[in-house]
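Single-letter residue listing:
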Amino acid sequence: MEKEEIIDALKQNFSEKIRDISVQFGDEIIVIDRNSLLDIVKFLKAEPYAFTMLLDLTCVDYKGEELRFEMVYHLFSLSTNIRLRIKTRLPEKDPSIDSLTSVWKNANWLEREAYDMFGIRFDGHPYLRRLFMYDGFEGHPLRKDYPLRKRQPRIRMRK
Amino acid sequence: MKGGFITTTLNSMLGWGRKFSLFQYPFITACCGMEYMSVACAHYDLDRFGMGWTRFSPRQADMLLVVGTITQKEAPILKTVYDQMTEPKWVVAFGACAVSGGIYDNYAVVQGIDNIIPVDVYIPGCPPRPETILNALIKLQEKIQKEGHDWRWKKKK
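All figures in this text were calculated on a predicted structure; none of them were measured in a lab. Note on numbering: residues in each chain are counted from 1, in written sequence order. Chains carry letters from A onward and ligands carry numbers from 1 onward, assigned in written order. Given that the model is predicted, a residue must reach a pLDDT of at least 70 before its local features are reported, and side-chain atom pairs must reach 80 or more before they are shown or counted; all residues, however, enter totals for whole chains, interfaces and linings. Computation of side-chain values covers all heavy atoms of the structure but excludes hydrogens and water.

(A) The arrangement of unusual backbone geometry in detail. Cis peptide bonds are those with omega within 30 degrees of zero, and the linkage from B:Glu87 to B:Pro88 qualifies with -5 degrees. A run of H or I in DSSP counts as a helix once it spans at least four residues, and a run of E counts as a strand once it spans at least two, with each numbered from the N terminus. Relative to the helices and strands, B:Pro88 is located in the loop between α3 (75-84) and β3 (90-94). In this model, B:Cys126 is joined to B:Pro127 through a cis peptide bond whose omega is -10 degrees. Along the chain, the position of B:Pro127 falls in the loop between β4 (121-123) and α5 (130-146). At A:Ala50, a residue that is not glycine, the phi angle is positive and equals roughly 55 degrees. With respect to the helices, strands and loops of the structure, A:Ala50 is situated in the loop between α2 (37-45) and β3 (53-61). In this structure, B:Asp45 takes a positive phi of about 65 degrees despite not being glycine. We call a residue buried when its accessible area falls under 20% of the maximum for its residue type, exposed when it is over 50%, and partly exposed in between, using a 1.4 Å probe and counting protein chains only. Assessed through its relative accessible area of 25%, B:Asp45 is described here as partly exposed.

(B) Broad picture of α3(B). Regarding α3(B), the residues found buried are B:Ala75, B:Pro76, B:Leu78, B:Val81 and B:Tyr82. Contacts were defined at the residue level, with two residues in contact if any of their heavy atoms lie within 4.5 Å. Contacts made by the buried residues of α3(B) are with β1 (24-28), β2 (63-67) and β3 of chain B.

(C) Looking closely at the packing of aromatic side chains. Only rings of Phe, Tyr and Trp enter the pairing, Trp through its six-membered ring, and a pair is recorded when the two centres are within 6.5 Å. The plane angle decides the type: under 30 degrees is stacked, over 60 is edge-to-face, the rest tilted. Counted under the stated rule, the structure contains seven aromatic pairs over all chains. With 5.1 Å between their ring centres and 40 degrees between their planes, A:Phe43 and A:Tyr49 make a pair best called tilted. Here B:Trp16 and B:Phe20 contribute two aromatic rings whose centre-to-centre distance is 6.1 Å and whose plane-to-plane angle is 75 degrees, an arrangement assigned as edge-to-face. Note on B:Phe20: relative accessible area 38%, which makes it partly exposed. Connected via pairs of aromatic rings, a cluster forms that spans A:Tyr134, A:Phe137, A:Tyr146 and B:Tyr107. Two conditions define a charge sitting above a ring: the NZ of Lys or the CZ of Arg must be within 6 Å of the ring centre, and it must be within 35 degrees of the ring normal. Looking at A:Arg83, its charged tip hangs above the ring of A:Phe76, at a distance of 4.6 Å from the centre.

(D) The arrangement of the interface of chain B and chain A in detail. At the junction of the two partners, chain B supplies 16 residues and chain A supplies 19 residues. Joining two parts hides part of their accessible area as seen by a 1.4 Å probe, and the buried area is that hidden amount summed over both. Three residues, B:Gln72, B:Lys73 and B:Tyr107, lead the burial of chain B against chain A; their summed loss comes to 47% of the area buried on that side. Residues A:Arg151 and B:Asp105 are paired through a salt bridge, measuring 2.7 Å at the closest nitrogen-oxygen approach. Throughout this description, a polar contact denotes any pair of N or O atoms lying within 3.5 Å of each other; where both atoms belong to protein, one of them has to be capable of donating a hydrogen while the other can accept it, and for residues adjacent in sequence the pair is counted only when both atoms sit in side chains. Between chain B and chain A we count eight residue pairs in polar contact (both at pLDDT 80 or more) in total. Along the lines of polarity and charge, the residues of the side of chain B that touches chain A split into eight nonpolar, three polar and five charged. Note on definitions: salt bridges are taken to be side-chain nitrogens of Lys or Arg within 4 Å of carboxyl oxygens of Asp or Glu. Basically, the charged four are Asp, Glu, Lys and Arg, the nonpolar ten are Ala, Val, Leu, Ile, Met, Phe, Trp, Tyr, Cys and Pro, and anything else, Gly included, counts as polar.

(E) Just the state of the cysteines, in detail. Count a disulfide wherever a pair of cysteine sulfur atoms falls within 2.5 Å. Under the defined criterion, the tally for this structure stands at zero disulfides over all chains. For B:Cys41, which is in no disulfide, the shortest distance to another cysteine sulfur is to B:Cys32 and amounts to 16 Å.

(F) Helix α1 (residues 3-13) of chain A, seen in detail. Residues and elements named next belong to chain A. Within the span of α1, buried status applies to Ile6, Ile7, Ala9 and Leu10. The arc enclosing the buried residues of α1, seen along the axis, measures out at 160 degrees, which places them on a common side. Opposite the buried face of α1, at more than 90 degrees from it, the exposed residues are Glu4 and Gln12. Buried residues along α1 sit against β1 (18-24), β2 (27-32), α2 and β5 (82-90). To obtain the arc, one takes the directions from the helix axis to the C-beta atoms.

(G) A look at a negative patch on the surface. In this analysis, a patch consists of residues with relative accessible area above 30% that form no salt bridge, clustered at 9 Å for like charges and at 5 Å for the nonpolar side chains Val, Leu, Ile, Met, Phe, Trp and Tyr. Using a 1.4 Å probe, accessible areas were evaluated by the Shrake-Rupley method; residue-level cover was limited to the displayed protein chains. We treat Lys and Arg as the positive residues and Asp and Glu as the negative residues; His and chain ends play no part in the count. In plain terms, the charge of a residue is placed at NZ if it is Lys, CZ if Arg, CG if Asp and CD if Glu. Residues A:Glu2, A:Glu4, A:Glu5 and A:Asp8 make up a contiguous surface patch of negative charge. For A:Glu4, the location among the structural elements is in helix α1.

Here it is as structure tokens:
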């Protein structure tokens, strides 16, 4: 299977939900509406495209823009050896998106990380709790407006 | 410590005994651990200096080796381990991260473990070379020899 077949199939099935398709570093980037994420992802995971691996799931903070957060999903198909990037933008006031835990199991911790670092809410996530930072940590440290010098020690510092 | 012939001799004897029977507790969290392993094993051999015994319980250890980055999340754990050690005890900050936070000046990392517990010897380097570590541990032994020893150990502040 070639990349073009997948792109064509996506264009046919989700024509009004796909905003943009471009190529960077040899991989396709598909920019979609956030509401259609689950549909598109399930379509890609099913045969014959078989994107059985979610390589990475992360977030980018574009502070100052109305659609502030950009979710990035890296997919990989073991049977066809094709990689695909899916991007979607979330508004600052309501940074929430469907959870992919029902599709890929490893999305669980990746989404917990994105929640921890950026404060993205994942609807349908079974256990949305901080992954790296401790309980009682305030704010989301990878957001651009988190103060650079802010420290939140758990115990009293000696100096 | 002021004293007569008997107390100073006893003190010196205690110092000699303690400096050559340092039981270590390695608190290893990061890549400096590889360097620690090479020092502790046969090639550089800490046992030559009487530090061969690694204790995996802080209650039996004299020397706490803090090897690697200490995050804010980990700080209370390190403090608990230190508090569990019985007196007399000494702490070695091993590597740039334990000394000062190293390259990690951010929201997650403690800027030097002396923010949490008192430190006796600092070993710089990212990671330190085995020779540096041996030098630092010999310095610690010299320090222990010079310290005023008391049967009733006074708590460090």
